[in-house]
Each structure stands twice: as C-alpha cells, then as structure tokens.
Amino acid sequence: PARSTSTPSGVLVRRHSKSGASRAISRSTAAPPCAKKRPAFCEESQNRCMSLRRRSSLLLLLRFSASSAEADLELVRGWPERPPGSAAKRLTLIRHAEALHNRDARQMPNYFTDGLGHTAAYWDSPLTPEGEQQARLLAGKLQFRQEVGSPQLVAVSPMTRTLQTASLAFPDIPEPAAGRAPLVRPPFVATSLARERIGNHSCDGRRERVALEGEFPHVDFSEVADGADEMWEHKEVEPDGMNSTACGARAGRLLAWLWRRPEPEIAVVSHWVFLCDTCCGRTGSTTRLCRWATPRCVS
C-alpha cells in the first residue's frame, strides 16, 4: 500500500487463434521478449507492475479480438479505436482510489511492525476522503466517454473501496451543469472474480452481501455469494503473495467471463495485485499478457 495518484495508462490486447489465422496488426515497435514456454511471470511486466504501486485509479485500455473461443491473448501497446461492427471488446481497467489501509500504511510507522493490517479495524476498508476526491477527479476524465454511452457495463470487485471508486467515477447526473450532457450511470455488476488476491490482510475480507446491497442499491450482486465472505479461508499465496497461481488463474477466468459478456465496452474496477496478475501473464498457460504501454492520460 502506498500513496495514490490518478495516472492512467493504455495498452492493447489482441486475441488470435492458436493457428495464427486471425492475427491483429501490432501498433508497437519494440517489446520485451517472452518465450513460448515462459516462466511463471514476465520479469519486465512484473517490474512495471511494481512501479505502479504509487498510482491509484490506474486506467488500462485493452482490446479483445478472436476467431475462436480457444484464442490466446497478447498485450501490445496502443489505445485502439474500435471499428463499427467489430467483434472486438474494449476494456478499461481501473484500480481503486486510496483506501484507509493505503493511507495508514503510509502514515503510521507501526502499521507493519505491529501487524495492524491484520486486525478487524481494516476489514473491507473504505476509501479515505482523499480517495473519494481521486475518484471524483477520475469521473471528470471519463465524463466525455460516459456522455456517448461508454462503457456499457461496469464490472466491479465486491469490496467497499472498489464499489465506492466505481460509483464516484461513473456518476448518475440527470441535471448537469450548463453546457454538459446528462450522465446516465451504466449498469453495475459485482463479480468476485475481480477481487484482490486473498492473503492475510483484513482489508481484503468482504462484508456480508446484504450490507453491500443496502449501501450500493445500483449494483447487481447476483454474481457474489450470499452471506459472509466465502473466499477468505482460501488463501491465494502460493508460491508467494506476488506470484499467486490461484489468483492468476482467477484473473484468467475473469477475462473469459468478460469475453462472454454481450457488452462491447466494459470498465473493470479492481485491485493492484489482481491487475498485475491480469496484465503480467499469470492468467494461465494459454494467456500471454506481457507487453506494457507507456502511461498516457485519458482526457
């Protein structure tokens, strides 16, 4: 956990069949080499992910295109246009804004030494006032897209900090200021597939679904288990917390779930480690997501 900003970044994902019959043209020039039988994760992308620790509300733009459901994924550079009638999907990945545990880990000298992050005080921790402001600033960057009906869906982790970030970043404003178009909040679906890697930090424990439904009535929680947190006892820390096989596999399942959705443009609001697993090639043996883009602001 570290101090957050709102620096967005863009990348292009192309999806092609194993035979190579449907290959997209890459907009990148040079990229980190990744062998066909690569290690558990791409070192170059891991280093890039580590550099993102101080960025919150991070935006990544991805594009999916495929000729079959068995297609591979490859991450390349670019902010792609989506041609009319294209079968491709365009995704915007957003990391949550500053939460209580992020702030206290930065400001409290004894946060780690005394194991405060493992205490009930940080269970499913909410955004700080600064985090709320970050999410509102993010809404300003996304407003021009929301005015034209993009995205058509917001898929969000069912954690308080991600639900708050998503709700503030995609507001419902029927009577905007003069000169602005009304904003209609897109449909929200909470999915446990987008949760943070399950470790020992209590901030990653989920509140009961009924409490979340009461606080976020605009969110569809049908993809989240009823009752208490069903994932908390199933830790995703092997072989280690930053290279979790289970979390990487879950990231692959999220990408497959997104691919099956009918919406062509989807925003995903999730977490730092999980997004690293999604974008660093740890989503399974048929997924290669290993080329990062230079950070670029959406405005």
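Let me begin by describing the structure that accompanies this report. (Residues numbered from 1 in each chain as written. Predicted model: local features only at pLDDT ≥ 70, side-chain atom pairs only at ≥ 80, totals over all residues. Heavy atoms only, no water.)

Moving on, we get to the packing of aromatic side chains. All told, the structure shown has 3 aromatic pairs when counted by the stated rule. Measuring from ring centre to ring centre gives 5.0 Å for Y111 and F112, while their planes differ by 85°; the resulting arrangement is edge-to-face. A ring pair is formed by Y111 and Y122, whose centres lie 5.4 Å apart and whose planes are at 80°; its orientation type is edge-to-face. With a gap of 11 residues between them, Y111 in the loop between α2 (100-107) and α3 (129-146) and Y122 in the loop between α2 and α3 connect regions that are remote in the sequence. Across the pair, Y122 and Y111 agree in class, each one buried. The ring centre of F188 lies 5.7 Å from the NZ or CZ of R185, which sits over that ring. Above the ring of W232, the side-chain terminus of K235 is found at 3.3 Å from the ring centroid. (Phe/Tyr/Trp six-rings, centres within 6.5 Å; stacked < 30°, edge-to-face > 60°. Helix = DSSP H or I, 4+ residues; strand = E, 2+ residues; numbered from the N terminus. Buried < 20%, exposed > 50% of the residue type's maximum accessible area, 1.4 Å probe, protein only. Lys NZ or Arg CZ within 6 Å of the ring centre and 35° of its normal.)

Its 18 residues place the ends of α3 24 Å apart at the C-alpha level, agreeing with the 26 Å of an ideal helix rising 1.5 Å per residue. Approximately 35° is the largest bend angle found in α3, and it occurs at G140. Buried within α3 are the following residues: G131, Q134, A135, L138, A139, L142, Q143, R145 and Q146. (Expected span 1.5 Å × (residues − 1). Bend = angle between axes of the 7 residues up to and from the residue.)

Topologically, E98 is positioned in the loop between β4 (89-95) and α2. A distance of 2.9 Å separates polar atoms of two side chains, one belonging to E98 and the other to R106. For E98, the side chain forms a polar contact with the side chain of T128, separated by 2.5 Å. (Polar contact = N/O pair within 3.5 Å; in protein donor to acceptor, adjacent residues only side chain to side chain.)

A few words now on unusual backbone geometry. A cis geometry characterises the amide bond from S150 onward to P151, with omega recorded as 0°. Here P151 shows up in the loop between α3 and β5 (153-156). Following E238, the chain continues to P239 via a peptide bond in cis, the omega torsion being 0°. Summarising the element assignment, P239 is placed in strand β8 (residues 239-240). Its identity is not glycine, yet D124 carries a phi of approximately 45°, on the positive side. Residue position: D124 is located in the loop between α2 and α3.

The next point concerns the nonpolar core. Judged by nonpolar contacts, the single largest core of 18 residues is most densely connected at V154, V156, L163, F170, V219 and F221. Elements with a minimum of two residues in this core: α3, β5, α4 (160-169), β6 (188-191), β7 (219-223) and β10 (265-270). Counting 16 residues, the second-largest nonpolar core is a separate cluster that includes A155, C247, A251 and L275. (Core = buried A, V, L, I, M, F, W, Y, C linked by side-chain atoms within 4.5 Å.)

We now examine the side chain of Q146. With respect to the helices and strands, Q146 occurs in helix α3. Excluding residues that lie within four positions of it along the chain, Q146 makes contacts with A169, F170, P171, L183, V184, R185 and P186. (Contact = heavy atoms within 4.5 Å.)

With that settled, the discussion passes to helix α7 (residues 272-279). Of all 8 residues making up α7, 8 are buried, and the element is well covered by its neighbours. Along α7, the residues that are buried comprise W272, V273, F274, L275, C276, D277, T278 and C279.

Before going further, it helps to spend a moment on the pattern of salt bridges. The tally for this structure, following the rule as stated, stands at 11 salt bridges. As a salt-bridge pair, R206 and E230 come within 2.8 Å of each other at their nearest N and O atoms. With a gap of 24 residues between them, R206 in the loop between β6 and α5 (209-215) and E230 in the loop between β7 and β8 connect regions that are remote in the sequence. Across the pair E213 and R209 runs a salt bridge, and its minimum N-O distance is 3.1 Å. Of this pair, E213 and R209 are both found in helix α5, 4 residues apart, which corresponds to roughly one turn of the helix. Classification of E213 as partly exposed rests on a relative accessible area of 32%. Connected via shared salt-bridge partners are D124, R207 and E215. (Salt bridge = Lys/Arg side-chain N within 4 Å of Asp/Glu carboxyl O.)

Going residue by residue along β6, you find F188 and A190 tucked away on one face and V189 and T191 tucked away on the opposite face as well. Looking at chain direction, β6 and β7 are connected through 3 bridges and run parallel. When the bridges of β7 are listed, V189 appears paired with D220. Remark: the β6/α5/β7 crossover connection has right-handed handedness. (Pairing = 2+ DSSP bridges. Right-handed = clockwise from strand over helix to strand, strands pointing away.)

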